[in-house]
Amino acid sequence: MPILSLEKTNAAILEKFSRISEFEKRKIVFWYDSEQTAGEEDLHAIIQTLRQKGIKTLILGDNFYEIKKTLEHDDTESNYLVYSPKPERPFQENWLLDIQLYSERFENSRISDIKSEIGIEGYSLDNFLDKHKKFFANKRRVAAFKKFYEERWKEEDFIKGIFAVITGSTVPDEKEIVKNILLDSLSEEENKMWEDVTRYNLEEAFWKIAERNFGFYREHPTLGKLFLSFLITHIDRNSTLPLGSLLETYVNRKRQSNECEIFISGWMDNSKDSSLFDEYCRKLLLEEDKKLEKELTSILNKEKVECYLEVEAPDIFDKSIIRKIVATISKGGSDYDKYLEWIEARKTKHYYTEFREIYSALRYAIMLIRLSEEIEERDIPESSLNELFINYTTNYYLHDFYYRKFYSHYDKTSGKDILKNSIREKVEREYRSANEKLLMKWSSLIEARPDGRWGIELIGNQEDFFTNHVAKIIKRNDRDKVAVIISDAMRYEVASELKVLLNITTNGTVEMKTMAGCLPSYTRLGMASLLPHKKLEYRKDRVIVDGTDSDGLKNREKILTSYEKESIAFNFRDFRNLKSDEARELIKGKKVVYIYHNKIDETGDSKASEDEVFESAESAIRDIDEIVNRLGRSLNVNNIIITADHGFIYKRDNLESADIVETTGFDKEDILVTNKRFIITSQQTELPNTHRFMMTYPSDSGEQLYLYTPFADLRFKLPGGGRNFVHGGLSLQEIVIPVILYNHNRSTSDLDKKGIGHGKVGITTIGHIQKITSNPFKIRLLQTENVTDKREPLRCRIALYDNTGERVSDEKTIIADKTSDEPNERIFEAILTLGSNVKNGIYILKAIDEDIKAKYTDVLDMVVEVDILITDDF
C-alpha cells in the first residue's frame, strides 16, 4: 500500500479546487482511493483542512442516490470532494457517471503515478492500468513502454505496447511480437519471454493476437503448435497434397493464410534467424517418435513431385525430390529434362543451399548420363582425326567436364550415401562405356604418317606454340608485353571452365584455341615444346632445347632469354607471394614473362592424392583467375596466354585386368623412358592394342627411337605410382591442349567501344503490369538479354513495397540465367502474396540484385496499383 503524505495530498487536492474555469460555478472532485492510501486519521485531517477552505466532503459507499440528490438537488452551489475507499464501478453500474463526466478526478495511487509518468490523460484506462499494474511496477519497463506510447491508444494498443517491451520488439507490431516470442523457444518452460507473458497474465491476449493475425486457434494452444501451423499452412498453400486428418488440423484459416505465408517466408529468408527456423523444423519432425516426419514422408511417397515442387520447408521435400530422381534414374528412367527442371526449380528455395552439393552432383550426373547414352546409341560419325579432334573441343569434351564436376560436388557432400551405390555407380559405368567407344574410334582413326610419325592435318602443333602465339604478339608491337601461364596437366575441359570464369571476373576479352600436344604427352616434352626452339632432342631421359637442358626454372629462363633477352620466368607460388611493387619492378622492361603453375599434376601424380585431382583442378582455376586479374589490373600486362604441357585421363574406380597392357615383350636395356601411358625405346616390336610411332626427336646415341602408347585409355603394366590418374598417351583428353588468349581492357568503356555487351542481364515485366486485382498475384518477367561470355546471370529478389519503402508482400528469388537468343525462352513467372494490411492504392514493384558487390541495387522499379475487391467473411 502506498504511504500517504498528508501535506502533499492536501496541497494536491486544494490545487484541483483552485482551478475554476469561467464556465464553472463550483468544483466537484471524485477520489477513488482503491488502494486505501488514506487511513481514518488521515481522512479526518483532510476533511478538516477542506472545511476550512469552504469545501465539503461526501463519503461514497452504496449511497449513490443520496449523494446524487445532494449534489444535483439539495446543494448545487458548494464545492465537494466525493471520497470512495473502493475502486470505481463499471460504467453501467455507476449511478454517478453523468456527474463524473463534468467533474474532476483526484488520484493518490500508483496508477496516477504511472499515468503521470507516461503522459496518459483521462480515466478511461484506469481499470486496465490497475489490472496490469504488476507490469508497470517497474520503472525500466515503464520507460521502455513510454517510447512506444501514443495519445490515441486504446486498450488493444496498450497490450501491443506491453508485448513490445516484453519481447524487445522495435515497434509494437503484432507479427514482430509473435516472431520474437517464437525465436526465444518453442518450449514454454524454456522461453524467458513466455515467463513474462505468464507473469503478467497475457496468455489469452497473446493467443488472440495469433488468431487475429494468422487464423490460429486451438483449445489448448502451445508455441510448438503455432509454429507447426505456419509450416503446414505453407505446405497446404504451395502444394496439391492430400494432407490427411492429422495435418489438416494444423492448417490456419484461409483468410489469414496470406499472412502465414509472408510470415514464414520472411523468417526463412532472414540471414540471422533462418538457422533457428531450420532447427525448429528438425525438432518438430522428430517429436513423438518422428510421427510428423513419417506422416509427411508417407504422403510424399505416393504423390508426384509436381504436386509439391514449390513447397520450401521442411527439408523433407528436398529429400523426397532427391530420392525420387535417384530412384527413377536407377530404374532406367530417362526423362532427363524433367529431372533437371526439378533441380532448377529448387534453386530458389530455402533448403537449396543445404542440399546444393547433392543437387549439383545429380545435375552433372544427369547431363553425363544423357550425353553418354547419346554417344553409345549411335555410331560416332566423325571420319578423320581432324574432325573428331575439333568435335571434341565443341561437344565431346563435356563428357569429361560433367564427370569431373560430378565428383567435385560428390566429394564435398556429407550426404553422399544416397548417391554412392546408385548414381555414382551409374556415372562410372556410363562414363567408362561412352569414353571407351569415343577413344576406340579415335584410336581406329590414328595411322602413322608415311614417315612413321604422329600428326593431325590442319591442327596446330604444340611445338609451334611460341612462334604462333608469343612471338606474334612481340612482333606486333615492340612495347607489348606478354605473360604466359603454363598450368601442368590443365586439360581442355578444365580450361573451358576457366575461360567462363575469366569472362565474369575480368574486363578482358577471352578467346579459346587449341593445339595438338606432343607425343609422348608428359611434362618434360610438353614444357620443352612451349619454349622457343629450333630443335628438340633426347639425352638419356632429358629433353634438350637447342643444346640446353629444359628441366628446371633457371634452364627455361635461359632458353627464353636466348630468344628474347628481356624475358623472365617464375614459379607460380613465388610470383603470387611477391608484393605488387616487387612484382612490378621484376617484370619492368620485360617482354616475355613465363609463369609455371603446378597443382593438378602435382596432386594426380601421387598415388596417395590422385583421387583429389578434381579438387586440385578447381583450385587451379581459382589460382589462375587470381593471377590473370593481378597481371591485368595491378601489373599492366595486357596480353596473357594460358596453356598446358599436357592433359590427363582419370577414372575414380579401380582398373580391371582388361585395362592393362602387358610389357613383357620389351628389352629393358633398350628402354629410355617408361610410363603407364607410354614407352620410349630403341626396340622395334609388335605389341597388341598399342600404337607405334617413330620419334621425331633424335637421341644422343644416334639410334632411332620408337614411341609405344596403348589404345584408348589402356595402361601399360608397370610397377609404382598410381593408375587412375595418368598421362603420356594419345587420348583426346591428353593431347587436346588448350590455349586461352586473354587481352585486358582497362575499363568497361573499352568493351563498349568494341561493341561487347557486358555486366549482368536485365529483367522487365511482360504485359506492362499496372494493376493488381487478386491476392496472391502472378508476375511474368522477361530476361532482356541472353547470358554470354561477358554478360552475367542475374539473381534478384522481387517484392511489392509501399511509398515508405516497407515491404508489403512476400519475397521471391528470380535467377535470370538463360543463354537462349529466343525471348520466349527467357520468360519467368513469380507469384507474390500481399499482406492483410495492404489497402487499395499505389505501390512499387521492386527487384533487388542479391549480389553484395552490386550493393543490392534495384534492377526493377515500377509503380503499380493495387485494386482488389474487398470482401468480408461471407
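Below you will find a few notes about this structure. These figures come from a predicted structure and were not determined experimentally.

1. Quick notes on the pattern of salt bridges
Right, so step 1: Summed over all chains, the structure comprises 59 salt bridges.
Right, so step 2: In this structure, Glu15 engages Arg19 in a salt bridge whose closest nitrogen and oxygen atoms are separated by 3.1 Å.
Right, so step 3: Relative accessible area serves as the criterion here: at 43%, Arg19 is assigned to the partly exposed category.
Right, so step 4: Put simply, Arg542 and Asp549 hold a salt bridge, and the shortest N to O gap is 3.8 Å.
Right, so step 5: The class for Arg542 is partly exposed, based on a relative accessible area of 32%.
Right, so step 6: If you follow the salt bridges from partner to partner, you end up with Arg404, Lys405, Arg491, Glu493, Glu497 and Glu618 in one network.

2. Things to note about the sheet that holds strand β7 (residues 536-539)
Right, so step 1: Pairing is antiparallel in the open sheet, where 3 strands are placed in the order β7-β8-β9. Bordering the open sheet on either side are β7 and β9 (548-549), each of which pairs with just one other strand.
Right, so step 2: Note: β7 against strand β8 (residues 542-545), 4 bridges, orientation antiparallel. Residue pairing in the sheet places Tyr538 in a bridge with Val543 of β8.

3. Here's the deal with the layout of surface pockets
Any empty space left between the atoms is revealed when a probe the size of a water molecule rolls over them.
Right, so step 1: In this structure, the second largest pocket encloses a volume near 780 Å³.
Right, so step 2: If you trace the second largest pocket, you find 23 residues lining it, with Asp173, Lys175, Ile262, Glu806 and Arg807 closest to the centre.
Right, so step 3: Elements represented by at least two residues in the lining of the second largest pocket include exactly α9 (174-184) and α14 (257-269).
Right, so step 4: The element that contributes the greatest number of residues to the lining of the second largest pocket is α14, accounting for 6 residues.

4. Examining the packing of aromatic side chains
Right, so step 1: All told, the structure shown has 47 aromatic pairs when counted by the stated rule.
Right, so step 2: Relative to Tyr650, the ring of Phe614 has its centre 4.9 Å away and its plane inclined at 75°; by these criteria the two rings are edge-to-face. Of this pair, Phe614 sits in helix α28 (residues 613-633) while Tyr650 sits in strand β13 (residues 649-650), placing them 36 residues apart in sequence. Here the two residues Phe614 and Tyr650 agree in accessibility, since each one is buried.

5. Digging into the pairing of strand β12 (residues 639-643)
Right, so step 1: Along β12, 5 of the 5 residues are buried, which leaves the element largely enclosed by surrounding structure.
Right, so step 2: Alternating residues of β12 divide into Asn639, Ile641 and Thr643 and Ile640 and Ile642, and every residue in both groups is buried.
Right, so step 3: Bridge analysis of strand β5 (residues 482-487) against β12 gives 5 bridges, and the strand direction is parallel. Bridge pairing links Val484 to Ile641 in β12.
Right, so step 4: As paired elements, β12 and strand β21 (residues 736-743) share 5 bridges and run antiparallel to each other. Looking at the pairing, Ile640 lines up with Tyr742 of β21.

6. Focus: empty space enclosed by the protein
Right, so step 1: Scanning the model with the defined rule gives 1 cavity of 30 Å³ or more in all.
Right, so step 2: Reported here for the largest cavity is a volume of approximately 60 Å³.
Right, so step 3: Every residue lining the largest cavity is listed: Tyr431, Arg432, Asn435, Ile649, Tyr650, Lys651, Asp713 and Arg715.
Right, so step 4: Mapped by element, the contributors of at least two residues to the lining of the largest cavity are α20 (417-445) and β13.
Right, so step 5: The element that contributes the greatest number of residues to the lining of the largest cavity is α20, accounting for 3 residues.
Right, so step 6: Classifying every residue of the lining of the largest cavity gives 3 nonpolar, 1 polar and 4 charged.

7. Thoughts on the packing of helix α19 (residues 385-410) against α28
Right, so step 1: Look at α19 against α28: their axes get within 9 Å of each other, and the N-to-C directions meet at 100°. The pairing of α19 with α28 is recorded here as roughly perpendicular in orientation. Contacts from Tyr403, Arg404, Lys405, Tyr407 and Ser408 of α19 reach α28 at Phe614, Ala617, Glu618 and Ile621.

8. Comments concerning the sheet that holds strand β17 (residues 690-694)
Right, so step 1: Spatially, 4 strands are ordered β15-β16-β18-β17 in an open sheet, and the strand pairing comes out antiparallel. The open sheet terminates on both sides in strands that have one partner only, identified here as β15 (671-675) and β17. Neighbour-to-neighbour, the strand axes of this sheet turn through a mean angle of 15°, independent of strand direction.
Right, so step 2: Direction of pairing for strand β16 (residues 678-681) relative to strand β18 (residues 706-710): antiparallel, over a ladder of 3 bridges. Looking across to β18, one finds that Thr681 is bridged to Tyr706.

9. Things to note about the side chain of Ser360
Right, so step 1: Within the fold, Ser360 resides in helix α18 (residues 356-377).
Right, so step 2: Ser360 sits in the buried class, given a relative accessible area of 10%.
Right, so step 3: Sequence-distant contacts of Ser360, defined by excluding residues within four places in its chain, comprise Tyr352 and His409.

Here is what the cut-offs are and how they apply
Residues numbered from 1 in each chain as written. Predicted model: local features only at pLDDT ≥ 70, side-chain atom pairs only at ≥ 80, totals over all residues. Heavy atoms only, no water. Salt bridge = Lys/Arg side-chain N within 4 Å of Asp/Glu carboxyl O. Buried < 20%, exposed > 50% of the residue type's maximum accessible area, 1.4 Å probe, protein only. Pairing = 2+ DSSP bridges. Helix = DSSP H or I, 4+ residues; strand = E, 2+ residues; numbered from the N terminus. 1 Å grid on protein atoms, 1.4 Å probe; cavity = no way out; pocket = protein on both sides within 12 Å on 5 of 7 lines; lining within 4 Å. Points joined across faces, edges and corners; volume = space filled by probe spheres on them. Phe/Tyr/Trp six-rings, centres within 6.5 Å; stacked < 30°, edge-to-face > 60°. Nonpolar A, V, L, I, M, F, W, Y, C, P; charged D, E, K, R; others polar. Axes fitted to C-alpha atoms, helices over the stretch in contact; angles between N-to-C directions. Parallel < 35°, antiparallel > 145°, perpendicular 65-115°, else oblique. Contact = heavy atoms within 4.5 Å.

Everything listed here is a matter of geometry and, on its own, says nothing about what the molecule does.
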